[in-house]
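A structural walkthrough
Below, each chain spelled out in residue letters.
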Amino acid sequence: LFPFVGIVLESFKVNTRAMDGEFWPEVFGFDNYIRLFNETDFLKWFKNTAIMGLATAFFQTFFVLSMSYTLSRLRFKGRKFLMNFMLILGMFPGFLTMILIYKVFSDLGLTMEMAPVGLIIVYCASSGMGYYVSKGFFDTISKSLDEAARIDGATRLQILIKVILPLAKPIVIYTII
């Protein structure tokens, strides 16, 4: 925590010299914070960042858990191919498509004023490909629980929400973070 304490103490320094080697400020003041709130759009920036962070966490968690549950519990044609294809796609860096994505978003008007929406889409677009850890966790939950719930008349969605997710709280929290 030492570096964070140093940063916070640095923000309360009144003198204009940056990082003068003094850990404890000689004079405390709120000049930096007054300038931050009066001379910049910091609150707007913070609001946009909070909205993007919360929306991205929600949608990514939804996509990853849906994909993980589907690939863990359901058997369908092309399942292995899909998992291998996503593994191979994950090996390519995302910036290879950066110019194309910017052009498409620019044409759709998702730059400048609508940039937060565009960034949420970019952040969530490939989140389903990060299913590996969650799928491994879902594989450890006994399938006999699914079968027992199916015998009792539960649908796949009810099994996921009422049986699997309460047992999978650790991986849900991991995915959100």
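Presented here is an overview of the structure given in this document. (Residues numbered from 1 in each chain as written. Predicted model: local features only at pLDDT ≥ 70, side-chain atom pairs only at ≥ 80, totals over all residues. Heavy atoms only, no water.)

**Thoughts on unusual backbone geometry**
Positive phi is not limited to glycine here, since Met112 has a value of about 60°. Within the secondary structure, Met112 sits in the loop between helix H5 (98–108) and helix H6 (115–125). For Met112, a relative accessible area of 67% translates into the label exposed. (Helix = DSSP H or I, 4+ residues; strand = E, 2+ residues; numbered from the N terminus. Buried < 20%, exposed > 50% of the residue type's maximum accessible area, 1.4 Å probe, protein only.)

**As for the packing of helix H3 (residues 42–73) against H6**
Direction vectors running N to C along H3 and H6 enclose 30°, while the axes themselves pass 9 Å from each other. By the angle between their directions, the pair H3 and H6 is classed as roughly parallel. The handedness of the crossing between H3 and H6 is right-handed. Residues Asn48, Ile51, Met52, Ala55, Thr56, Phe59, Gln60 and Phe63 of H3 touch H6, and the partners they reach there are Pro116, Leu119, Ile120, Tyr123 and Cys124. Along the lines of polarity and charge, the residues of the contact of H3 with H6 split into ten nonpolar, three polar and no charged. (Axes fitted to C-alpha atoms, helices over the stretch in contact; angles between N-to-C directions. Parallel < 35°, antiparallel > 145°, perpendicular 65-115°, else oblique. Left-handed = near helix turned anticlockwise from the far one by under 90°. Contact = heavy atoms within 4.5 Å. Nonpolar A, V, L, I, M, F, W, Y, C, P; charged D, E, K, R; others polar.)

**Some details on the side chain of Thr175**
Residue position: Thr175 is located in helix H10 (residues 169–176). Thr175 gets classed as buried once you look at its relative accessible area, which sits at 16%. Within the structure, Thr175 has its side chain in polar contact with the side chain of Ser134 (distance 3.5 Å). There is a polar contact of 2.6 Å between the side chain of Thr175 and the backbone oxygen of Ile171. (Polar contact = N/O pair within 3.5 Å; in protein donor to acceptor, adjacent residues only side chain to side chain.)

**Side note on the nonpolar core**
Counting residues in each nonpolar core, the largest one holds twelve residues, listed as Leu65, Tyr69, Phe138, Ile141, Ala149, Ala154, Ile159, Leu160, Ile164, Ala168, Ile171 and Val172. Those elements giving two or more residues to this core turn out to be H3, helix H9 (156–167) and H10. Residue contributions to this core peak at three residues, all from H9. Once residues lying within four places of it in the same chain are set aside, the contact partners of Leu65 are Ser134, Phe138, Leu165, Ile171, Val172 and Thr175. (Core = buried A, V, L, I, M, F, W, Y, C linked by side-chain atoms within 4.5 Å.)

**Here we look at the side chain of Ser68**
Note on placement: Ser68 falls in helix H3. A polar contact is formed between the side chain of Ser68 and the backbone oxygen of Tyr131, at a distance of 3.3 Å. If near-sequence neighbours (up to four positions away) are discounted, Ser68 is found in contact with Tyr131, Ser134, Lys135 and Phe138.

**So, the environment of Arg150**
Along the chain, Arg150 turns up in helix H8 (residues 143–151). Leave out the neighbours within four places in its chain, and Arg150 touches Thr155, Arg156 and Ile159. A distance of 3.4 Å separates a polar side-chain atom of Arg150 from the backbone oxygen of Ala154.

**With respect to the environment of Ala50**
Summarising the element assignment, Ala50 is placed in helix H3. With 25 residues separating them along the chain, Ala50 and Arg75 place their C-alpha atoms 38 Å apart.

**Brief notes about the packing of aromatic side chains**
This structure, assessed with the given rule, holds twelve aromatic pairs. Their ring planes at 25° and their centres at 6.4 Å tell us that Phe59 and Phe63 sit as a pair that is stacked. Taken as a pair, Phe59 and Phe63 lie in helix H3 at a separation of four residues, close to a single helical turn. Judged by relative accessible area, which is 37%, Phe59 ranks as partly exposed. The partly exposed category is assigned to Phe63, whose relative accessible area is 34%. A centroid spacing of 6.2 Å and a plane angle of 85° characterise the contact between Tyr69 and Phe138, whose relative ring orientation is edge-to-face. Here Phe138 lies in helix H7 (residues 132–140) and Tyr69 lies in helix H3, a separation of 69 residues in the sequence. Each member of the pair, Tyr69 as well as Phe138, carries the same accessibility label: buried. (Phe/Tyr/Trp six-rings, centres within 6.5 Å; stacked < 30°, edge-to-face > 60°.)

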